[in-house]
Every structure is written in C-alpha cells, then in structure tokens.
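Understanding the architecture of this molecule
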Amino acid sequence: MQLIDTHVHINFDVFQADLSSLQDRWREAGVVHLVHSCVEPKEFTQIQSIADRFPEMSFAIGLHPLDAHKWKDNTAQEILTAAQSDRRVVAIGEMGLDFYKVDNHDWQVEVFRAQLEIAYQLNKPVIIHCRDAAPELREVLQSYQKENKVIRGVMHCWSGMREETQWFLDLGFYISFSGIVTFKKAETVQDSAKIVPLDRLLVETDCPFLAPAPYRGKRNEPAYVRHVAEYLAQLRGISLDDLAQATTHNACQLFSLPFQPE
C-alpha cells in the first residue's frame, strides 16, 4: 500500500529535533511521497534544504491568506522566480481566503488573484486554504472560468458543507481531507467526504496541526495520514488499499509528481 501526504509543514520548529525518525515512521506507515506547502516565500530555501534530505518530497511556494499583509510590490516576482528555479516545485500555495477573525477581505482577494495569475502563467496547480470564505472564493474562481483561464488545484484541509464541496467539484477541483474528518463531531466534514468522487479525493495531515484520532491534541506528523485514509475508507465503504491507490494516483495526476504508483 502506498500513500501520499499532500500537505505538510515539517519545516516548523517542532520537527527539527527528530526529522530522521519522522521519515522512518512515515515510510513504515506506507507514505511514499510528501507535498510540502509554503506559508510565505521566505520559507522557500528552508523547504528546499529539507527536500534535499528527503528525495520523496515535492513542494510549493506561496503566501497564506492570513499573511496577506506581508505581500509587497516584489512578492509576485519572488514567487514566480522561485517556482521556476526548482523542478521540485509542483504547486503555488498555499493561498486562498481566510475571513475568520480578520477584516482585510478585499486585500486578501487581491493577493489571492495575484497568485492565481502566477499559477495560470506557469500552468501549475494551486493549493487553496479556505475558511469562512467559500462564497467569495468560489466567485473569484468562477471569474477565471468565465475568462477561459483554467485554474486547477485542491481545496486543502477541507471542512466545508456538502453544498460548498459541490461548488468546488463543479469547478474541477480536488478535495483533500485531513485529521478533522476523524473527529467525532465533524459530521459536516464527514458528510462532504461521502460525496467527493474517488478520482477527486486526496488525503493529508496538514502537520503539525490537526492530528487525527487517536492522536488528537498531539503533534501531527506525516505517518498519521494513514489514519485519515483508514477513516475515509471505512466512511465510504471501500477497502484501504482501494482508497490508497486512488488518492495516490490522484496526487500524482494533480501535481505531476516524479513518482509512479504501483
């Protein structure tokens, strides 16, 4: 069985003391590839250095919506140049909209659009973070569709309602589920997970955050993506092997990964 964790942040300080043992555990769990997301461009060289240690890692570059205030006149060029500098860059992100407890909505939309333009120019998928902003984010993506600009990507760590899930499926996006789907009271997420076609489904940890049951409240890590996959397989009434095969194939398709699944 092979799994791909499509969203990690192992450059964070909580991992630096045990990166080697972290790799041992993810390999033991069947994780054959990781996609490392990026919160802000200044992380890029650090993520590159980690990928130099772990050949089963690809990565992205982008600016998180909660860091939209860090967008400068040269940020777009910085992201563009970095994305073109390393063949291991497989996506732009994470980007998106997060309207939870912040009021810079218009600026977030501008920063989001600027990064979508980079992805479109480079023909790379996007990794989208969306919190309390699904209608507005849908509107932005629909505007690209009306201009015949193809934007492809994934709604990462998805926690939206069934109706919202269908919005982004209709726009051609993949939907990725994290440990949230294993939480007892996450009925909304579980309901959404049931309707995503198998060929649009991805799994992730978003580590070090949101560890799945039975590790909830502890530091999350790539090996735990297996628990996400096991739960989703049970929820959808299919075997773990079938779910792993499908999600691994999907990740390879979306991110054009230099890895051939079994």
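Refer to the preceding data block for the structure.
Our subject in this report is the structure included herewith. Small disclaimer: the values here were computed from a predicted structure and weren't measured.

It is worth spelling out the overall build of the protein chain at this point. For the protein chain, the count of helices and strands is nine helices and eight strands. Against the 2.2 N^0.38 benchmark of 18 Å for 262 residues, the protein chain shows a C-alpha radius of gyration of 17 Å, consistent with a compact globule. The dimensions of the protein chain, computed from C-alpha atoms along their principal axes, are 45 × 40 × 35 Å. Taking all 262 residues of the protein chain together, 58% fall into the buried category. Surface accessibility of the protein chain: about 11,600 Å² in total, with carbon and sulfur atoms responsible for 46%. In the protein chain, which carries 26 positive and 36 negative side-chain charges, the distance between the mean positions of the two groups comes to 2 Å.

Below, the discussion takes up the environment of L202. Its location among the elements puts L202 in strand 8 (residues 201-203). With a relative accessible area of 0%, L202 lands in the buried category. As a C-alpha pair, L202 and H69 span 133 residues in sequence and 30 Å in three-dimensional space. Sequence-distant contacts of L202, that is, excluding residues within four places in its chain, are made with T6, V154, Y174, I175, S176, F177, T247, N250, A251 and L254.

What follows covers the packing of helix 5 (residues 134-146) against helix 6 (residues 162-170). Relative orientation of the contacting elements helix 5 and helix 6 amounts to 15 degrees, with a least axis distance of 10 Å. Overall, the two elements helix 5 and helix 6 adopt an arrangement that is roughly parallel. The two elements helix 5 and helix 6 cross, and the hand of that crossing is left-handed. For the pair formed by helix 5 and helix 6, the contact residues are A134, P135, L137, R138, L141 and Q145 on the first element and E164, W167, F168 and D170 on the second. Considering only residue class, the contact of helix 5 with helix 6 consists of six nonpolar, one polar and three charged.

This part is about the pairing of strand 5 (residues 126-131). The element strand 5 is extensively covered by neighbouring structure, given that five of its six residues are classed as buried. Here six bridges tie strand 4 (residues 89-98) to strand 5, and the two strands are oriented parallel to one another. Paired with G93 across the two strands is I127, which belongs to strand 5. For the handedness criterion, the β-α-β arrangement of strand 4, helix 4 (residues 105-122) and strand 5 is classed as right-handed.

Thresholds applied
Residues numbered from 1 in each chain as written. Predicted model: local features only at pLDDT ≥ 70, side-chain atom pairs only at ≥ 80, totals over all residues. Heavy atoms only, no water. Helix = DSSP H or I, 4+ residues; strand = E, 2+ residues; numbered from the N terminus. Rg over C-alpha atoms; globule rule 2.2 N^0.38 Å. Buried < 20%, exposed > 50% of the residue type's maximum accessible area, 1.4 Å probe, protein only. Areas by Shrake-Rupley, 256 points an atom, 1.4 Å probe, with all protein chains shown as cover. Lys, Arg positive; Asp, Glu negative; His and termini not counted. Charge placed at Lys NZ, Arg CZ, Asp CG, Glu CD. Contact = heavy atoms within 4.5 Å. Axes fitted to C-alpha atoms, helices over the stretch in contact; angles between N-to-C directions. Parallel < 35°, antiparallel > 145°, perpendicular 65-115°, else oblique. Left-handed = near helix turned anticlockwise from the far one by under 90°. Nonpolar A, V, L, I, M, F, W, Y, C, P; charged D, E, K, R; others polar. Pairing = 2+ DSSP bridges. Right-handed = clockwise from strand over helix to strand, strands pointing away.

Just geometry here; none of it tells us what the structure is for.
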